[in-house]
Amino acid sequence: MLDKQGIAKRIAKEIKDGYYVNLGIGIPTLVANYIPDTMDVVLQSENGLLGMGPFPFEGEEDPDTINAGKQTITMLPGSAIFDSAMSFGMIRAKKVNLTILGAMEVSENGDIANWKIPGKMVKGMGGAMDLVASAENIIVAMQHVNKAGESKLLPQCTLPLTGVHCVKKIVTELGVFDVLPEGGFRLIERAPGVSVEEIKQATAGKLIIEGDVPEIIL
C-alpha cells in the first residue's frame, strides 16, 4: 500500500508544465515536495499566495508564511501575496488548472464530501465549495477506507456534500481511479503488492476493471 507520501508522489505525476495548481488541506499539501524542479508550476494557496514552495526545513520556518491549512511554507522567487478576495477571484474565474483536495467520501458519480461530519464541531466550509464549483479538473487524495474499515468510495455520499459531479480522479493507498462521466470508479493502477481482489473488497461503489491493471510506478 502507499503511504501519504506515496499518494502525493503519484498525484504529482498528474501535474503538467505551466499549470497553476491549488493544493487542499491534508495529503494534498505534500504534493508540493514532489514537483520536479524542471517543471514550471505555480502553486496557489487560497489564503492569498501564488508561488508556494515546498515545506521549510526544521529551524527555517517563518510563522508569518503559511498556507490555507496554517502550515508554515516557503515562497519561491517571483511569488506574490494578495488578499483572499483576489485569491477567490482567480478560483471563480477558472484560472486554476488543477485542484487537489482531500475527502471523507467520494461517490461513483463524482460527488465529494470533505467539509463536515454531522455532530462534530467545524470552523466552517473554508474554500472547498468555491474550489469544487469552479475547478474543471479535481483530483482527490484520500484514504480508501475509514478507521472502521468502511469504504469511502461509495455509490452515494452519506455526509453533507461539498460539490456534485466534480471529481475526475482519485488516488488512495490502494490505487488510482478515474471517475467516469456515466458513473463508476475505473481502476487504472494499483499500489505495489495490492491485488485487484483487495481493491474490490474495499470499494463499495461501482468498480470497473478493464484487462490487466498495472502497478503504480513512483
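What counts as what
- Residues numbered from 1 in each chain as written.
- Predicted model: local features only at pLDDT ≥ 70, side-chain atom pairs only at ≥ 80, totals over all residues.
- Heavy atoms only, no water.
- UniProt positions renumbered as here; feature names shortened; annotations may be inferred.
- Salt bridge = Lys/Arg side-chain N within 4 Å of Asp/Glu carboxyl O.
- Buried < 20%, exposed > 50% of the residue type's maximum accessible area, 1.4 Å probe, protein only.
- Pairing = 2+ DSSP bridges.
- Helix = DSSP H or I, 4+ residues; strand = E, 2+ residues; numbered from the N terminus.
- Contact = heavy atoms within 4.5 Å.
- Axes fitted to C-alpha atoms, helices over the stretch in contact; angles between N-to-C directions.
- Core = buried A, V, L, I, M, F, W, Y, C linked by side-chain atoms within 4.5 Å.
- 1 Å grid on protein atoms, 1.4 Å probe; cavity = no way out; pocket = protein on both sides within 12 Å on 5 of 7 lines; lining within 4 Å.
- Points joined across faces, edges and corners; volume = space filled by probe spheres on them.
- Nonpolar A, V, L, I, M, F, W, Y, C, P; charged D, E, K, R; others polar.
- Disulfide = S-S within 2.5 Å.

- Naming follows an unreviewed UniProt entry, where the protein appears as 3-oxoacid CoA-transferase subunit B of Mucilaginibacter gossypii.
- Recorded in UniProt for the protein, the comment headed Sequence similarities (unreviewed entry) runs: "Belongs to the 3-oxoacid CoA-transferase subunit B family."

### So, the pattern of salt bridges
Right, on to step 1. Overall, the coordinates contain 6 salt bridges when judged by the stated rule.
Right, on to step 2. With a shortest N-O distance of 2.8 Å, Glu14 and Arg10 are connected by a salt bridge.
Right, on to step 3. Linking Asp178 and Arg186 is a salt bridge whose minimum nitrogen-to-oxygen distance equals 3.4 Å.
Right, on to step 4. You can call Asp178 buried: its relative accessible area is 15%.

### A word on the sheet that holds strand E1 (residues 20-23)
Right, on to step 1. Spatial strand order, E4-E3-E2-E1-E5-E8-E10-E11-E12-E13: 10 strands in an open sheet with mixed pairing. Two strands bound the open sheet, and with one partner strand each, they are strand E4 (75-81) and strand E13 (207-208).
Right, on to step 2. Looking at chain direction, strand E8 (residues 138-141) and strand E10 (residues 167-171) are connected through 4 bridges and run parallel. Looking across to E10, one finds that Val140 is bridged to Ile170.
Right, on to step 3. This element, helix H1 (residues 4-12), spans strand E5 (98-102), E8, E10, strand E11 (175-179) and strand E12 (185-190) of the sheet and lies at about 165 degrees to E8.

### What to know about the nonpolar core
Right, on to step 1. Formed by 53 residues in total, the largest nonpolar core has its most connected members in Ile15, Val21, Val140, Val167 and Ile170.
Right, on to step 2. Leave out the neighbours within four places in its chain, and Val167 touches Val106, Gly110, Ile112, Ile138, Val140 and Val179.

### Looking at the layout of surface pockets
Right, on to step 1. The space that makes up the largest pocket amounts to roughly 840 Å³.
Right, on to step 2. The wall of the largest pocket is formed by 31 residues, among which Ile25, Gly26, Asn114, Trp115 and Met125 lie closest to the centre.
Right, on to step 3. For the lining of the largest pocket, the secondary-structure elements that each account for two or more residues are helix H2 (84-92), E5 and helix H3 (128-134).
Right, on to step 4. Looking at the lining of the largest pocket residue by residue, the class counts come to 15 nonpolar, 11 polar and 5 charged.

### Details of the state of the cysteines
Right, on to step 1. Applying the stated criterion to the full structure yields 0 disulfides.
Right, on to step 2. Take Cys157: it sits in no disulfide, and the sulfur closest to it among the cysteines is that of Cys166, at 9.2 Å.
Right, on to step 3. A residue is classified by how much of its surface remains accessible, and Cys157, at 18% relative accessible area, is buried.
Right, on to step 4. For Cys166, a relative accessible area of 5% translates into the label buried.

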